[in-house]
Amino acid sequence: MNVLLPKAHLLPEFNPRPVAHALLEALAIRFGAQFSNALVVREQHGRDESAFTVPPPAAVVFAQSTQDVSDVVKLAACHQVPVIAFGVGSSLEGHLLAVQGGICIDVSRMAQVLAIDADDLTVTVQPGVTRKQLNEAVKSAGLFFPIDPGADASIGGMAATRASGTNAVRYGTMRDNVLALEVVTASGEVIRTGTRAKKSSAGYDLTRLMVGSEGTLGIMTEITLKLYPLPEAVMAATCSFPSLADAVNTTMLIIQLGVPIARCELLDAHTVRMVNAHSHLNLPESAMLLMEFHGSPAGVQEQVAVVQDLAADQGGQAFEWASTPEARTRLWTARHNAYFAGLQSRPGSKAITTDTCVPISKLAEAMLDSVLEAEQSALPYFLVGHVGDGNFHMGYLIDPNLPQERELAETLNQKLVRRALALGGTCTGEHGVGLHKMDFLVEETGQGAVAMMRAIKLALDPQNILNPGKIFSM
């Protein structure tokens, strides 16, 4: 716990590669109005929701097709210049930052839902489709896509970071819900991985290799996903608890007893206070669980009765139900805006965010000790958690002009992550590694595993042009 913080945890290193004028000229000729090297456009594509800052990419290309992506990569490969895929910029760990310079490929205009196969419960989309757009497109077929990381992220970004979110406790993560991909490789070649079949034993699982690779092994241009029937009945509820420990213990009991809850989210008292102010709500300002139940009307009622009894045994009170779509939407929108509510609570602040995931039996120990350390530091923070699967998030609110606050936040983050690792957990449950968790990845997996990842990276991207400087150093 007393090891000095790695420099990468404080500020990322910026080691730009030269971008030849000939490359920029070739891109401008090939793409015309789809190409821009205007500073304002570059700056927009040179930042995400992390607290890191580096200079922007040298130029941006707005891709409209797989061929566009392939052509950019081929030109960049000829000049050994990095390329970074960009969706909506909602990532939290510095995934999009051009730490080695290069060209940004914005795929937000690749936003077509290409095929909905209702009989097979699958859909194929381009990477710029966002999760809200996808669900709007499939709801008329009585279907939905359950992965909900909070932000209206692009499907390409969600697949690249192996996102999960509020529904993961029942429906799994992107890893479990991506069936097939079209990918542009580091040479500009277009390949396909997987099929619409629900399982396969054919060779290496390249689809799973690409999902979670954070744009370092290929750029996804088509994604085939599983869909699910819309539940017959849905009910959401909030329940307040005397302490954070009571809320965590209730969660552990719900999961250990096998209650098929769809969502189980935790907010601490600080976060509820911030959410109330931001979203104009009047939720009791104490530790709170936000829950949602899916199934038949009888099944939902049975789940609700079990959870109410479990919560009551732990001091839970003030159950509030939201059974209409409008009430549920307002409740979950407020939860999804917790990050922005935190920032609003301290104007001008930045959030040093982290997430870990531990075995459910270790959740109380991991979370409560981390909260105690945050309280003792006196640094403002917020806490939310997809606690049904042992995943929680801390956001430390810092003044970006005070280096000592950043260092304090990173020290707290270091202790939190190492505690999770010691308890058999992971350094990131869903944010991904990006820049922020590179050193922790080595601690979690060991040098041998990271060496194997580097070997895969070099085999698939020998010039190291695909989003270089992320996940591990090269």
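The rules we used
- Residues numbered from 1 in each chain as written.
- Predicted model: local features only at pLDDT ≥ 70, side-chain atom pairs only at ≥ 80, totals over all residues.
- Heavy atoms only, no water.
- Core = buried A, V, L, I, M, F, W, Y, C linked by side-chain atoms within 4.5 Å.
- Buried < 20%, exposed > 50% of the residue type's maximum accessible area, 1.4 Å probe, protein only.
- Helix = DSSP H or I, 4+ residues; strand = E, 2+ residues; numbered from the N terminus.
- Salt bridge = Lys/Arg side-chain N within 4 Å of Asp/Glu carboxyl O.
- Pairing = 2+ DSSP bridges.
- Axes fitted to C-alpha atoms, helices over the stretch in contact; angles between N-to-C directions.
- 1 Å grid on protein atoms, 1.4 Å probe; cavity = no way out; pocket = protein on both sides within 12 Å on 5 of 7 lines; lining within 4 Å.
- Points joined across faces, edges and corners; volume = space filled by probe spheres on them.
- Phe/Tyr/Trp six-rings, centres within 6.5 Å; stacked < 30°, edge-to-face > 60°.
- Arc of directions from axis to C-beta.
- Contact = heavy atoms within 4.5 Å.

Visitor: Just give me the short version of the nonpolar core, but keep the residues and values in it.
Guide: Across soluble globular proteins, nonpolar side chains have a tendency to be buried as a group. One finds M291, M367 and Y396 to be the most contacted residues of the largest nonpolar core, which totals 51 residues. Counting 25 residues, the second-largest nonpolar core is a separate cluster that includes V125, A160, M220 and I223.

Visitor: Can you lay out the environment of L372 for me, pointing to particular residues and giving the numbers?
Guide: Mapped onto the elements of the fold, L372 is located in helix 14 (residues 363-377). The exposure class assigned to L372 is partly exposed, which follows from its relative accessible area of 48%. In this structure the C-alpha to C-alpha distance between L372 and S154, which are 218 residues apart in sequence, comes to 35 Å.

Visitor: Any chance you could break down the pattern of salt bridges for me, citing the residues and the numbers?
Guide: Taken as a whole, this structure holds 19 salt bridges when the rule is applied. The salt bridge partner of R30 is D68, with a shortest N-O separation of 2.8 Å. Placement of R30 in helix 1 (residues 21-31) and of D68 in helix 3 (residues 66-79) is noted, with a sequence separation of 38 residues between them. In this structure R30 comes out as partly exposed when scored by relative accessible area, which is 33%. Since its relative accessible area comes to 7%, D68 is described here as buried. Of the charged contacts, one joins D148 and R263 as a salt bridge, the two residues approaching to 3.2 Å between their closest N and O atoms. Residue D148 is located in the loop between strand 7 (143-144) and helix 5 (155-160), and its partner R263 is located in strand 13 (residues 263-267); the two are separated by 115 residues in the primary sequence. By relative accessible area, R263 is classed as buried at 11%. A single network of salt bridges, built from pairs that share partners, joins R131, D148, R263 and E292.

Visitor: Summarise the sheet that holds strand 5 (residues 113-117); cite the residues concerned and give the values.
Guide: Strand order in the open sheet made by the five strands is 5-6-10-8-9, with antiparallel pairing throughout. Where the open sheet ends on each side, the last strands, each with one partner, are strand 5 and strand 9 (190-194). Between one strand axis and the next, the sheet turns by 10° as a mean value, whatever way the strands run.

Visitor: Help me get a handle on unusual backbone geometry, residues and values and all.
Guide: Positive phi outside glycine occurs at H280, with the angle close to 55°. Among the structural elements, H280 can be located in the loop between helix 10 (269-279) and strand 14 (288-295). At N464, a position not held by glycine, the phi torsion is positive, near 55°. The buried category is assigned to N464, whose relative accessible area is 8%.

Visitor: Can you tell me about empty space enclosed by the protein, naming the residues and giving the values?
Guide: Scanning the entire structure with this criterion turns up two cavities of 30 Å³ or more. Reported here for the largest cavity is a volume of approximately 70 Å³. Residue lining of the largest cavity: E49, S50, A51, F52, L92, E93, A351, I352, T353, R406, E410 and H436, and that is the complete set. Where the lining of the largest cavity is concerned, the elements lending two or more residues are strand 16 (350-357) and helix 15 (403-422). Top element by residues in the lining of the largest cavity is strand 16. It accounts for three residues.

Visitor: Describe the packing of aromatic side chains, with residues and values.
Guide: Applying the stated rule across the entire model yields six aromatic pairs. Note on F319 and W321: the rings are 5.3 Å apart at their centroids and 20° apart in plane angle, and the pair reads as stacked. What makes W321 partly exposed here is its relative accessible area of 36%. Centre to centre, the rings of Y339 and F340 are 5.2 Å apart; their planes meet at 85°, and the pair counts as edge-to-face. For Y339, a relative accessible area of 13% translates into the label buried. You can call F340 partly exposed: its relative accessible area is 40%.

Visitor: How would you explain helix 1 if you had to name every residue and give the values?
Guide: If you check which residues of helix 1 are buried, you get L23, L24, L27 and F31. The buried residues of helix 1 occupy an angular sector of 95° when projected down its axis, which confines them to one face. Residues of helix 1 that are exposed and point more than 90 degrees away from the buried face comprise H21 and I29. Looking at the buried side of helix 1, the elements it contacts are strand 1 (35-36), strand 2 (59-62), helix 3 and strand 4 (103-106). G32 occupies a position one or two residues after helix 1 and carries a positive phi of about 55°.

Nothing here speaks to function; it is geometry throughout.
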